[in-house]
Amino acid sequence: MTRIFPLFVFYLLFFLGTESSFSQQKEYKIISIAFYNVENLFDTENNPFTFDDDRTPEGDDVWTQEKYMDKLQNLARVIPEIGSEITQQAPVIIGICEVENRQVLEDLINEPQLKTYNYGIVHYESPDRRGIDVALLYRKDIFRLENSVSHELLIYNSKEPDKRVYTRDQLVVSGEIDNEKLHFIVNHWPSRSGGETASSYKREKAAALNKIIIDSIFKKEPLARVISMGDFNDDPTNKSFKEILKTKGGPKGISPHQLYNPMERMLKKGMGTLAYRDGWNLFDQILISGALTGKDYSGFQFYKAGIFNKKYLITENGQYKGYPFRSYGYSGYQGGYSDHFPVYIYLVKQVTSTSSNKN
């Protein structure tokens with residue numbers, strides 16, 4: 001049985017903007033869905049099958065057990081706070097990328113600051129050469145897991161067609177929150193190594209796979225509620241989004257099979273989740289299908305999106321002042337959190353009032 005999680009009272013006008021007075025009150029359930037690139041969460045052991053040598057005590061990063069534990073504690077501080085300004089709760093769903101294996105995820109959710117939320121893990125090993133994977137964490141008392149599958153992304157070098165580029169799979173997780181079906185896709189698309197233009201074909205291949213996955217969900221479930229999240233290594237206005245996934249920058253008039261990208265407006269306002277050479281990119285995004293953008297709050301609907309960039313996640317001084325406060329920099333271990341800010345969305349749903357309205 002799904003636990004009844006906190007209820008918050010909002011005026012109908014606050015959500016819909018259609019009431020002429022504040023005489024009527026409605027109660028809503030509100031939950032947060034998050035995504036976080038945790039910046040190379042590796043254990044300290046050398047895996048002979050991946051390029052993780054730097055993240056060992058003997059490697060260039062001198063990655064010790066002490067640093068690993070510090071990293072876990074830092075992440076465990078951040079995760080429960082993402083989107084908590086309204087919900088006063090940790091996210092129900094968290095997409096994660098840049099984790100080495102299932103064990104680091106187990107260690108993370110067993111940190112004292114996270115253990116109370118009873119997170120479950122969905123994780124598959126990807127063929128990425130560095131050994132990093134995507135994963136999904138879910139609160140087992142709220143989300144009922146139904147199934148999951150990992151989709152392999154096949155890419156070949158543009159100059160050497162017989163040479164495969166090994167990268168992260170795309171993870172699909174389906175289940176129910178409060179008896180409502182939701183589908184989540186967790187992504188970590190190929191990087192811009194070698195330059196944005198030269199590497200764009202890789203992300204366009206990733207976008208094409210994402211579209212195939214989403215279309216296959218719609219084929220089985222025409223009004224499916226799909227949330228695709230990740231570090232896409234592209235901005236919302238790049239070809240991978242606008243031409244291949246055909247994302248929309250606003251929810252108005254969107255059809256159930258179209259994707260709304262609430263991060264597009266944020267990018268146009270100069271907001272970002274990672275910084276490079278004094279410029280901001282918004283690679284970390286959460287896309288939602290049209291069925292989540294309606295005004296019928298009898299079921300969960302999108303409310304708003306945000307970037308979680310609290311002061312403690314920001315570098316306070318030096319050359320990279322204002323950038324995300326990362327774990328490792330050019331000068332070595334920084335003791336921070338990640339080189340990316342987390343992102344989140346809220347979903348809201350009207351519930352039956354527990355008390356009569358008063359005039």
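That block above? That's the structure.
Because the structure is a prediction, the values reported are computed rather than measured.

**Q** Kindly report on the packing of aromatic side chains, identifying the contributing residues and their values.
**A** For the structure shown, the criterion picks out 19 aromatic pairs. Seen in terms of ring centroids, Y28 and Y297 are 5.9 Å apart; in terms of plane orientation they differ by 85 degrees. Their pairing is edge-to-face. With Y28 in strand β2 (residues 25–41) and Y297 in the loop between β15 (284–289) and β16 (301–307), this residue pair connects regions lying 269 residues apart in the sequence. Here the two residues Y28 and Y297 agree in accessibility, since each one is buried. On the basis of an interplanar angle of 40 degrees and a centroid distance of 6.2 Å, the ring pair of Y320 and Y330 is categorised as tilted. Taken together, the residues span a long stretch of sequence, with Y320 in the loop between β16 and β17 (328–329) and Y330 in the loop between β17 and β18 (332–333) at a distance of ten residues. What makes Y320 partly exposed here is its relative accessible area of 33%. The class for Y330 is exposed, based on a relative accessible area of 76%.

**Q** Tell me about the pattern of salt bridges, and please be specific about residues and values.
**A** In total, this model carries 23 salt bridges according to the counting rule given. In this structure, R168 and D128 form a salt bridge, with 2.8 Å as the shortest nitrogen-oxygen distance. Placement of the pair is R168 in the loop between β8 (164–165) and β9 (170–177) and D128 in the loop between β4 (119–123) and β5 (133–139), with a sequence separation of 40 residues. Here R168 and D128 have matching classes, each one buried.

**Q** I'd like to hear about empty space enclosed by the protein, residue by residue, with values.
**A** Rolling a probe over the atoms, with the probe sized like a water molecule, indicates the empty space that remains. Applying the stated rule across the entire model yields two cavities of 30 Å³ or more. Size it by volume and the second largest cavity reaches roughly 30 Å³. Around the second largest cavity sit Y124, S126, V134, S150, D169 and L171, which together line it. When the residues that make up the lining of the second largest cavity are grouped by side-chain class, the tally is three nonpolar, two polar and one charged.

**Q** Any chance you could break down the sheet that holds strand β6 (residues 143–151) for me, citing the residues and the numbers?
**A** With mixed pairing, the six strands of this open sheet are ordered in space as β6-β9-β10-β11-β15-β12. Strands at the two margins of the open sheet, each flanked by one partner only, are β6 and β12 (259–260). In this structure, strand β10 (residues 180–188) lies alongside strand β11 (residues 226–231), joined through six bridges in parallel fashion. Its bridge partner being in β11, F184 is matched across the sheet by I227. Contacts between helix α6 (residues 196–220) and the sheet are confined to β6, β9, β10, β11, β12 and β15, with β9 contributing the most and set at about 30 degrees to the helix.

Reading guide: rules and limits
- Residues numbered from 1 in each chain as written.
- Predicted model: local features only at pLDDT ≥ 70, side-chain atom pairs only at ≥ 80, totals over all residues.
- Heavy atoms only, no water.
- Phe/Tyr/Trp six-rings, centres within 6.5 Å; stacked < 30°, edge-to-face > 60°.
- Helix = DSSP H or I, 4+ residues; strand = E, 2+ residues; numbered from the N terminus.
- Buried < 20%, exposed > 50% of the residue type's maximum accessible area, 1.4 Å probe, protein only.
- Salt bridge = Lys/Arg side-chain N within 4 Å of Asp/Glu carboxyl O.
- 1 Å grid on protein atoms, 1.4 Å probe; cavity = no way out; pocket = protein on both sides within 12 Å on 5 of 7 lines; lining within 4 Å.
- Points joined across faces, edges and corners; volume = space filled by probe spheres on them.
- Nonpolar A, V, L, I, M, F, W, Y, C, P; charged D, E, K, R; others polar.
- Pairing = 2+ DSSP bridges.
- Contact = heavy atoms within 4.5 Å.
- Axes fitted to C-alpha atoms, helices over the stretch in contact; angles between N-to-C directions.

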